[in-house]
Amino acid sequence: MNEIPYEIIRSNRKTLALTIDSEARLIVRAPMQLGEDVIRDFIKKKSRWISDKQRYVRDFASKQSEFLLEDGENVLYLGKSYTVLRKDVQEVSTVGSFLIVPKNMTLEGYADWMKIQCDNIIRERVAHFANLMDAKYSSVKMSNAKRRWGSCGARNTLNFAWRLVMCPQWVIDYVVVHELSHITYKDHSARFWARVATFMPNYREARDWLRLNRRIMEVI
Ligand SMILES: [Zn+2]
């Protein structure tokens, strides 16, 4: 059997973990001292899971052609896939599994609409979690970023990519909790992740979702 190529990231963790990134590469997270033979055995045992995930990521990538906001195209909104339907209407709306889009709306116009929706949702979630976490932020802005979902500046200015509006609500919540946790810890230390976990126990799933779906940032 051919060996599956992988990238290894060693750290102070105690267990082995496998992930498939958005380029369908296998990433192995391993304790500092763990031998390569143990790692290879583990990969062999998980080979079915690995090939399934890699196939999923590659299939998804090949389906991503240029998005034009035309009838019949699929678009993600809050983690749900909608089919674009152009109609003689003034406003964007959702009806069942359809995203109704005004006939004359451009892709830029739709991006503006997404930005407004994202801004409303994020502000509400930031206020909600900041209250729970007793976190004092100075501002909230939407960013055009295609490489990062959020950031927290030295003066606790929060930035969120408006493309987050394509993600499920619980994933958006994770990004909000992540950035609000940076108000307390400006790093990605164990203390930082412990704080994230306190308010978002399933944060690892959200990170996986973002990693697997990173390509959605490129669609619009
Ligand atoms: Zn961070």
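Residues numbered from 1 in each chain as written. Predicted model: local features only at pLDDT ≥ 70, side-chain atom pairs only at ≥ 80, totals over all residues. Heavy atoms only, no water.

Helix and strand counts for the protein stand at seven helices and 10 strands. Restricting to contacts in the protein with at least 6 residues of sequence separation, those with at least 24 account for 47%. When the accessible surface of the protein is split by element, carbon and sulfur atoms take 49% of a total near 12700 Å². Between the centroid of the 36 positive side chains of the protein and the centroid of its 26 negative side chains there is a distance of 6 Å. (Helix = DSSP H or I, 4+ residues; strand = E, 2+ residues; numbered from the N terminus. Contact = heavy atoms within 4.5 Å. Areas by Shrake-Rupley, 256 points an atom, 1.4 Å probe, with all protein chains shown as cover. Lys, Arg positive; Asp, Glu negative; His and termini not counted. Charge placed at Lys NZ, Arg CZ, Asp CG, Glu CD.)

A separate point is the domain arrangement of the protein. For the protein, the domain assignment lists domain 1 (6-63), domain 2 (74-105) and domain 3 (109-219). Relative placement of domain 2 and domain 3: their C-alpha centres are 25 Å apart. With eight residues of domain 2 in contact, the opposing surface of domain 3 contributes 12 residues. Between domain 2 and domain 3, a total of about 950 Å² is buried, with carbon and sulfur atoms accounting for 72% of that surface. It is Leu-76, Tyr-77 and Leu-78 in domain 2 that bury the most area against domain 3; as a group they hold 56% of the surface buried on that side. At the junction of domain 2 with domain 3, the criterion picks out zero salt bridges. Linking domain 2 with domain 3 are three residue pairs in polar contact (both at pLDDT 80 or more), by the criterion used here. The greatest single-element share of the side of domain 2 that touches domain 3, amounting to three residues, is contributed by strand β4 (residues 74-77). When the residues that make up the side of domain 2 that touches domain 3 are grouped by side-chain class, the tally is seven nonpolar, one polar and no charged. (Domains from an automatic or database assignment. Buried area = accessible area lost by both parts, 1.4 Å probe. Salt bridge = Lys/Arg side-chain N within 4 Å of Asp/Glu carboxyl O. Polar contact = N/O pair within 3.5 Å; in protein donor to acceptor, adjacent residues only side chain to side chain. Nonpolar A, V, L, I, M, F, W, Y, C, P; charged D, E, K, R; others polar.)

This part is about the packing of aromatic side chains. The final tally for this structure, using the stated rule, is four aromatic pairs. Considering the side-chain rings of Tyr-77 and Trp-113, the 5.3 Å spacing of their centres and the 40 degrees angle between planes classify their relative orientation as tilted. Here the residue Tyr-77 occupies a position in strand β4, and Trp-113 occupies one in helix α3 (residues 107-133), the gap between them amounting to 36 residues. Since its relative accessible area comes to 15%, Trp-113 is described here as buried. Judged by centre distance (5.5 Å) and plane angle (20 degrees), the ring pair of Tyr-110 and Trp-113 falls under stacked. Highlighted residues: Tyr-110 and Trp-113, both in helix α3, separated by three residues, approximately one helical turn. Directly above the aromatic system of Trp-193 lies the positively charged group of Arg-207, at a separation of 4.5 Å from the ring centroid. (Phe/Tyr/Trp six-rings, centres within 6.5 Å; stacked < 30°, edge-to-face > 60°. Buried < 20%, exposed > 50% of the residue type's maximum accessible area, 1.4 Å probe, protein only. Lys NZ or Arg CZ within 6 Å of the ring centre and 35° of its normal.)

What follows is about the sheet that holds strand β5 (residues 80-87). Pairing is mixed across the open sheet formed by four strands, whose spatial order is β4-β5-β7-β6. Each having just a single partner strand, β4 and β6 (93-95) make up the two edges of the open sheet. Across this sheet, the average inter-strand angle for adjacent strands is 45 degrees, counted without regard to direction. As judged from the three bridges shared by β6 and strand β7 (residues 98-102), these two strands associate in the antiparallel manner. Paired with Val-95 across the bridge in β7 is Phe-98. (Pairing = 2+ DSSP bridges. Axes fitted to C-alpha atoms, helices over the stretch in contact; angles between N-to-C directions.)

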